[in-house]
Each structure stands twice: as structure tokens, then as C-alpha cells.
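If you want the building blocks of each chain, they are given just below.
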Amino acid sequence: MSYFLNVIQPSGILDGTRAGQFREEITDAVREGATVILIDFQEVTFMDSSGLGALVLSLKTARTAGAELFLCSINEQIQMLFELTNMDRVFEIFDNREEFERKRAIG
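Residues numbered from 1 in each chain as written. Predicted model: local features only at pLDDT ≥ 70, side-chain atom pairs only at ≥ 80, totals over all residues. Heavy atoms only, no water.

Asker: Explanation requested: the overall build of the protein in the structure shown.
Answerer: Along the backbone of the protein there are four helices and six strands. Reading the protein from its N terminus to its C terminus gives the helix and strand order β-β-α-β-β-α-β-α-β-α. The C-alpha atoms of the protein give 13 Å as radius of gyration, which agrees with the globular expectation for 107 residues (13 Å, within 12%). Taken along its principal axes, the extent of the C-alpha atoms in the protein is 35 × 25 × 25 Å. With 107 residues in all, the protein has 40% of them scored as buried. Sequence-distant contacts, at least 24 apart, represent 75% of the contacts inside the protein between residues at least 6 apart. Summing over all exposed atoms, the protein offers an accessible surface of approximately 6,100 Å²; the carbon and sulfur share of this is 49%. Seen as two clouds, the 10 positive and the 17 negative side-chain charges of the protein have centres 6 Å apart. (Helix = DSSP H or I, 4+ residues; strand = E, 2+ residues; numbered from the N terminus. Rg over C-alpha atoms; globule rule 2.2 N^0.38 Å. Buried < 20%, exposed > 50% of the residue type's maximum accessible area, 1.4 Å probe, protein only. Contact = heavy atoms within 4.5 Å. Areas by Shrake-Rupley, 256 points an atom, 1.4 Å probe, with all protein chains shown as cover. Lys, Arg positive; Asp, Glu negative; His and termini not counted. Charge placed at Lys NZ, Arg CZ, Asp CG, Glu CD.)

Next comes the structure, spelled out in C-alpha cells:
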């Protein structure tokens, strides 16, 4: 089964000032027909609750459109935020892009 992968790579601090733009990128990817969206957090240094809220809304947008959304390369601060809010149970998180590609190629 083929899929259309769109990789989104935010950078810097993902907070209230950047959350809207971040959501818009994901919404655009869904509109363009992406069936799989990978958000690569390698360049993100910090994320607050606004960033997390944007991510949750983006997940709903993707699922409504029948797309899947995955995360990779999150740092310790983001990992802690996800664990404290139990979002690590909601999102499928890969260590890095290579692990995502290896596991998704099988499935």
C-alpha cells in the first residue's frame, strides 16, 4: 500500500507564538493529500503547553482526514512533557527518522 509522506520539521521554541504557524503547516499537509505526517522534533529545543495543544489539535485534523501522524526525535524536555500529560500514550513516537522509516516500511 502506498502512502504520501509529509515530513514537518519545526525548529527552536514551540510555544504560543509559533503554535498557530505549526498547526497551519500540518493542516496544509493534510489538504495537500498527505496520508502520513511525520513531525521531526530534532531542531526543537523547547515546547510548552501551547505547542502541545497545537499538536493535539493537529492530530485531530489528521485523523479526521484519514491521515496518520507520528513524531520522532523528541528531546528530554518534550519527553517529560508528554509523560506528565500522558500524551506519550496518544502519539506514536520514534527515536529518529531512520527508526520511523524502518518500522513503517514493514507495516
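Asker: What am I meant to see in the packing of helix 1 (residues 16-31) against helix 2 (residues 49-64) here?
Answerer: Two numbers describe a pair of packed helices, the interaxial angle and the distance between the axes. Remark: helix 1 packs on helix 2, axes separated minimally by 9 Å, with the N-to-C direction vectors making an angle of 15°. What the angle tells us is that helix 1 and helix 2 run roughly parallel. Once helix 1 is placed against helix 2, the crossing between them reads as right-handed. Taking contact as the criterion, the partners of Gly16, Ala19, Phe22, Arg23, Ile26, Thr27 and Val30 in helix 1 are, on helix 2, Ser50, Ala54, Leu55, Leu57, Ser58, Thr61 and Ala62. (Axes fitted to C-alpha atoms, helices over the stretch in contact; angles between N-to-C directions. Parallel < 35°, antiparallel > 145°, perpendicular 65-115°, else oblique. Left-handed = near helix turned anticlockwise from the far one by under 90°.)

Asker: What exactly am I supposed to notice about the environment of Phe70 here?
Answerer: Its place among the elements puts Phe70 in strand 5 (residues 68-72). Taking the C-alpha atoms as reference points, Phe70 and Lys60, 10 residues apart in sequence, are found 12 Å from one another. Filtering out sequence-adjacent residues up to four positions away, Phe70 remains in contact with Val36, Ile37, Leu38, Ile39, Glu92, Phe94, Phe100 and Arg104.

Asker: Mind showing me how you'd approach helix 3 (residues 76-84) here?
Answerer: Each full turn of the α-helix corresponds to 3.6 residues, which orients residues three or four apart in the same direction. Of all the positions in helix 3, only Ile78, Leu81 and Phe82 are classed as buried. Looking down the long axis of helix 3, one finds its buried residues gathered within 100° of arc, a one-sided arrangement. Across from the buried face of helix 3, at angles greater than 90 degrees, the exposed residues are Glu76, Met80 and Leu84. Close packing links the buried residues of helix 3 with strand 4 (43-47), helix 2, strand 5 and strand 6 (92-94). (Arc of directions from axis to C-beta.)

Asker: How should I be thinking about the packing of aromatic side chains in this particular structure?
Answerer: Each pair of aromatic rings is reported with the distance of its centres and the angle of its planes. Throughout the structure, instances matching the rule amount to five aromatic pairs. Members of the aromatic cluster, joined through ring pairs, are Phe70, Phe94 and Phe100. (Phe/Tyr/Trp six-rings, centres within 6.5 Å; stacked < 30°, edge-to-face > 60°.)

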